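# Descriptive analysis of the structure
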Amino acid sequence: MPRYTSRLKQLLQSLRSGAITISDVPSPVEPKRAGVIVRVHASLISAGTEKMKVDLARASLIDKARKRPDDVKKVLAEVKQQGFWKTYQRVMNKLDTPGPLGYSCAGEVIAVSEDVDDLKPGDRVACGGQGASHAEVVGVLRNLCVKIPDNVPYESACFTTLGAIAMQGLRQANVTFGESVVVIGLGLVGQLACAIAKAAGCVTIGIDLDDHHVEIASKHTAHHAFNRNQGGLAGTIKQLTGGHGADAVIICAATSSNDPITFSAEIARDRARIIMVGVSEMNLPRDTYFVKELEFRLSRSYGPGRYDHNYEEKGIDLPIGYVRWTERRNMQEFVRLLGEDQIDTAAITTHTFPIDRAEEAYSIIAGERKERYLGMVLTYPTESGSVLDRTFRSDQAHTGAKAPVLHSAEPRIGFIGAGNFAQGFLLPTLKESAKLIAVANQSGASAMDAQKKFGFERMTTSADEVIAATDINTIFIATRHGDHARLAAEALKAGKSVFVEKPMALTLDQLQSVAKAYEDARKTADLKFMVGFNRRFSSLVRKTKAFFDGDDRSSISPKMIFYRVNAGPLPRSHWTQDETEGGGRIIGEGCHFIDTATFLVGDATPRSVFAKSISTSRADTVDHDTVSITIEYEDGSVATILYLANGDKSLPKEEIQVFSNGRTAIMKNFTELELWDGSGKSKTETGSGKGHAEEVKAFLASLATSGEGPIPFDSLLATTLVTFAARESLATGEVVRF
């Protein structure tokens, strides 16, 4: 029986206006792979990082653009590919999506995934990373979650993530017992860096522009602390370090100034280490750095493993014999220091608010309420009968259904996976054309956002709940690729028609499970099944096919198809490159182009496949990112797909050339179609869009008819099998025949 969600409170921020709200969102139900669900007791507001987020969100669109020039470049590139209006709609949708705040919390484990064996329900833990937001219940990753000693209160443990950041900066400096460490910037991370260095037997000196922060450091975290504007400060530091200068300087400041860089060089000894933990201008004055032969390093967040997909998302640890201090081991070391009273977080905590009053904390950070602040802790209700008990200790099903309507003529939609793609390309059409009943998303905030924007009757974080609901007869699936086949098969078994985004499956076993579920379901009901191969529904692709179908000779003559896809490179760490989560680029995206070619030859059955990739030693791309795939069809047609990751990104992404019986069609990136009919003259058609709206409408229309969906099921199977065959051909160097 599926678990059913209840509501929890979560702090969210509007990316457009910067407004902070405490929203009721669906609670997490099932942990994801290498995942842990935690009932939060306390979370820490990272005043520096979160203030930057608040200030950016409250800025005008022009100021946002000035502060994020890299994002502006991406938007301009998208305008060239997708056009102004579609790009504008996507950007506005992104800005209208509320974002979570916070990345450091502590609480009690209430559920773990099957692959987590070192944590269990009831464990007291500190959590970090994207999932560790300001919310009553959070879903986090195993390698960003550590046990805390019984004597450490949650209000202290919630500092762990920032403690790991400070600790990693010190590790980058390779400080040893007795060395002098200067910390520039005495916000939370800077104060913790001072305290950790002091606990390690280093002489610590703190510097800041804020007298309040200097006072806290001098009393609690550092041996000495000074205001940066104090006269003769460089000389004072030289005296405190025996006339030599600092052994290490840790820059924890957040400023646009270059002063931390120049001043660090001034106060550092010969061959000292300077570590950038914070954010500042980084124009290194060559003369000073050269004469002293200074070493400058950047410190990456909590430590090794950060931003590593295998480490974080899959929970695969880095061997201690090779990587002594990972981000998780840094977190563990920090809580050990807390347990031994080496770090006093109470001394740097200036405010504590219950979650219901969190907006007051952000009014202080934003300067609307004039108070000195440093550490700001949010606390959460823990009494019996709270959100935890309702969510995890009740198996009561609540679907909101009044009566079973599985076979109602009206499409009643359950939507699973309402991310940016779904909100930009699928849901706008569904909103106009069908009854939207329930939306499920792994993120409760995203589920709430989709409900508000598109008018779903209810929201949840449980895909199982949507599939089991008796007032839903049609399921849309737009999750990450690895879940497509499982959810599609389950929905078919539940008696629902299914629209699943591409790819249909990542493995042959998955494909067979969907095929079996579809075959069994069709025995008792006229269900429809469709994969989101949208390009065959675009106006210009349809016109291309009609151009050849309208000529008696061309309609029966084999076609030669050349399909060029300027896909661009993707890093190895991108989730689509993961074999179990994304399937790789051929299976994950190449299926689009295979389906389009198959459509243009009248859904003829593929007969053979041969694929060849270029040899490359580039570390930022994976094998099969640049590949040629040749498909021979039973009617004699041949399609060659060039999937390219090594071209100029500014070149329009897609071009299709079709040749048959004296006729030629050239479709340019879904905006222009040249048709040559053999007379020596050509005509040009224009269009827009890749068929997303048209595919949704076609699928909904098919629900009211008998027979298969808009794409023959055998064709869906064949396209998926071709992607598998292309991978096999790349591995063996041989033609794969069907």
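To keep things clear, this report deals only with the structure shown in the data block. (Residues numbered from 1 in each chain as written. Predicted model: local features only at pLDDT ≥ 70, side-chain atom pairs only at ≥ 80, totals over all residues. Heavy atoms only, no water.)

## Some thoughts on the environment of Asn-441
Heads up, the rule is: Each helix is a run of DSSP H or I of at least 4 residues and each strand a run of E of at least 2, with the numbering of both proceeding from the N terminus. Whether two residues touch is decided by their heavy atoms; if any such pair falls within 4.5 Å, the residues are in contact.
Inspection of the secondary structure puts Asn-441 in the loop between strand E18 (435-440) and helix H17 (444-454). Those residues in contact with Asn-441, other than ones at most four positions away along the chain, are Gly-417, Ala-418, Gly-419, Ser-446, Ala-447, Thr-460 and Thr-461.

## Comments concerning the packing of helix H6 (residues 160-173) against helix H7 (residues 188-199)
Cut-off, in case you're wondering: Axis angles are defined between N-to-C directions and span 0 to 180 degrees, where every axis is a line fitted to C-alpha atoms and, for a helix, only to the segment in contact. With respect to orientation, any angle under 35 degrees is reported as roughly parallel, any angle over 145 as roughly antiparallel, any angle of 65 to 115 as roughly perpendicular, and every other angle as oblique. Here a crossing is called left-handed whenever its near helix is offset anticlockwise from the far helix by less than a right angle, and right-handed whenever the offset is clockwise.
Taken N-terminus to C-terminus, the directions of H6 and H7 make an angle of 60°; their axes are 8 Å apart at the nearest point. One element, H6, and the other, H7, form an angle in the oblique class. The hand of the H6/H7 crossing is right-handed. Only Leu-188, Val-189, Leu-192, Ala-193, Ile-196 and Ala-197 of H7 make contact with H6, whose side of the interface consists of Leu-162, Gly-163, Ile-165, Ala-166, Met-167 and Leu-170.

## So, the nonpolar core
Rules: Here, nonpolar core means buried Ala, Val, Leu, Ile, Met, Phe, Trp, Tyr and Cys residues that are tied together by side-chain atoms lying within 4.5 Å of each other. For the exposure calls, accessible area comes from a 1.4 Å probe over protein chains only, and a residue counts as buried if that area is under 20% of its type's maximum, exposed if over 50%, partly exposed in between.
Judged by nonpolar contacts, the single largest core of 104 residues is most densely connected at Tyr-362, Phe-415, Leu-430, Met-504 and Phe-529. In this structure, Phe-529 is in contact with Ala-488, Leu-492, Val-498, Val-500, Met-504, Val-514, Tyr-518, Gly-709, Phe-713 and Leu-716, ignoring residues within four places of it in sequence. Counting 53 residues, the second largest nonpolar core, distinct from the first, contains Leu-144, Val-152, Ile-348 and Leu-374.

## Side note on a nonpolar patch on the surface
The criterion, for reference: Each patch groups residues whose relative accessible area exceeds 30% and which form no salt bridge, using 9 Å between like charges and 5 Å between nonpolar side chains of Val, Leu, Ile, Met, Phe, Trp and Tyr. In this description, accessible areas are obtained by the Shrake-Rupley approach with a 1.4 Å probe, and a residue is regarded as covered only by the protein chains that are shown. In the sections that follow, a salt bridge refers to a side-chain nitrogen of Lys or Arg positioned within 4 Å of a carboxyl oxygen of Asp or Glu.
Judged by side-chain polarity, Met-282, Leu-284 and Leu-298 come together as a nonpolar surface patch covering roughly 260 Å² of accessible area. Among the structural elements, Leu-284 can be located in the loop between strand E13 (268-276) and helix H11 (286-292).

## What to know about the sheet that holds strand E10 (residues 203-208)
Let me state the cut-off plainly: DSSP calls a pair of strands paired once it identifies at least 2 bridges connecting them.
Overall, parallel pairing links the 6 strands, which are arranged E11-E10-E9-E12-E13-E14 in an open sheet. Bordering the open sheet on either side are strand E11 (224-227) and strand E14 (295-298), each of which pairs with just one other strand. Pairwise comparison of adjacent strand axes, ignoring direction, gives a mean angle of 20° for this sheet. Of the strand pairs in this sheet, strand E9 (residues 180-184) and E10 are connected by 5 bridges, and their pairing is parallel. Within the sheet, the bridge partner assigned to Val-182 lies in E10 and is Ile-205. Here H7 sits on the sheet and contacts E9 and E10; the angle it forms with E10, its principal contact strand, is near 170°.

## What to know about the pairing of strand E26 (residues 638-644)
E26 sits mainly inside the fold: 5 of its 7 residues count as buried. Strand direction decides the pairing type here: strand E23 (residues 560-566) and E26, joined by 7 bridges, are parallel. By the bridge assignment for E26, Asn-566 is matched with Leu-644. Between the antiparallel neighbours strand E25 (residues 627-633) and E26 lie 4 residues, among them Gly-636 with a positive phi of about 95°.

In short, geometric facts, not functional conclusions.
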